[in-house]
Amino acid sequence: MKTRICAVLLAVVFAVFLYSGVSPAQEPKITVLNPLGQPPAIARVPMAPRLDTLDGKTIFIVDIGFTDTHQFLTEMQKLLSERYPKTNWLVRTKAGTYFDDDPKLWAEIKGTGHGMIIGVGH
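Here goes a summary of the coordinates provided.

## Comments concerning the packing of aromatic side chains
The final tally for this structure, using the stated rule, is two aromatic pairs. Ring geometry for Tyr84 against Trp89: centres 6.2 Å apart, planes inclined by 50°, an arrangement best described as tilted. Look at Tyr84 and you get partly exposed, because its relative accessible area is 31%. Plain terms: the ring middles of Tyr98 and Phe99 are 5.4 Å apart, the flat faces sit at 85° to each other, and that makes the pair edge-to-face. Accessibility expressed as a relative area gives 48% for Tyr98, which makes it partly exposed.

## Some points on the nonpolar core
The biggest cluster of nonpolar side chains holds six residues, and these are Ile59, Ile61, Leu73, Leu80, Trp89 and Val91. Elements with a contribution of two residues or more to this core: β1 (58-63), α2 (69-83) and β2 (88-93). Residues within four places of Trp89 in sequence aside, it is in contact with Leu54, Ile59, Ile61, Gln77, Leu80, Ser81, Tyr84 and Ile117.

## Brief notes about the pairing of β1
Across the six residues that make up β1, a large majority, six, are buried. Side-chain alternation along β1 places Thr58, Phe60 and Val62 on one buried face and Ile59, Ile61 and Asp63 on a second face that is also buried. Here six bridges tie β1 to β2, and the two strands are oriented parallel to one another. Paired with Ile59 across the two strands is Trp89, which belongs to β2. Since β1 and β2 lie parallel, the crossover through α2 that links them has a hand, and here it is right-handed. In terms of strand pairing, β1 meets strand β3 (residues 115-119) through five bridges, oriented parallel. Each bridged residue has a counterpart across the sheet, and for Val62 the counterpart in β3 is Ile118.

## Here we look at unusual backbone geometry
One non-glycine residue, Asp68, lies in positive phi territory at about 65°. Within the element layout of this structure, Asp68 appears in the loop between β1 and α2. A residue is classified by how much of its surface remains accessible, and Asp68, at 53% relative accessible area, is exposed.

## So, the pattern of salt bridges
Across all of its chains, the model carries two salt bridges by this definition. Across the pair Glu75 and Lys78 runs a salt bridge, and its minimum N-O distance is 3.4 Å. Taken together, the positions of Glu75 and Lys78, both in helix α2 and three residues apart, correspond to about one turn of that helix.

Basis of the calculations
Residues numbered from 1 in each chain as written. Predicted model: local features only at pLDDT ≥ 70, side-chain atom pairs only at ≥ 80, totals over all residues. Heavy atoms only, no water. Phe/Tyr/Trp six-rings, centres within 6.5 Å; stacked < 30°, edge-to-face > 60°. Buried < 20%, exposed > 50% of the residue type's maximum accessible area, 1.4 Å probe, protein only. Core = buried A, V, L, I, M, F, W, Y, C linked by side-chain atoms within 4.5 Å. Helix = DSSP H or I, 4+ residues; strand = E, 2+ residues; numbered from the N terminus. Contact = heavy atoms within 4.5 Å. Pairing = 2+ DSSP bridges. Right-handed = clockwise from strand over helix to strand, strands pointing away. Salt bridge = Lys/Arg side-chain N within 4 Å of Asp/Glu carboxyl O.

Laid out in C-alpha cells, this is it:
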C-alpha cells in the first residue's frame, strides 16, 4: 500500500512538472513602450483673493449655455439682488460651449467686474 501511494505521488509530481508550461528562461521577451510620454510640469495658480465686501461691487453670473440654466441663473440674480442690494449682479451668456474661449466676455469681466460666478450645469 505504501509503495502504491508513493508511486501515485511520484507520478503526480512528475505530471505537474511536465505540464506546468514553459520555464521562465524559455519565455519570449517583449518590449513595451509607455504611450503617456512625459507630461509637462504643472504650474500652480493660486486662487484669487476673497473680496472683503460685496458692497459697491459688480459680480458677473456667467451662463455657459447648458440646457435651462439661463432661467435658473436669472432667478439667482434676482435673489442675490434682494439679499445684497448694494451689489451689481449681471448675467452674461458665454459664446460657444464650456470648452470654447470667449475673450470678449473675459475682457468685460476683467475690465468692469470684481468677481464671477459661472454656472456649469445641473
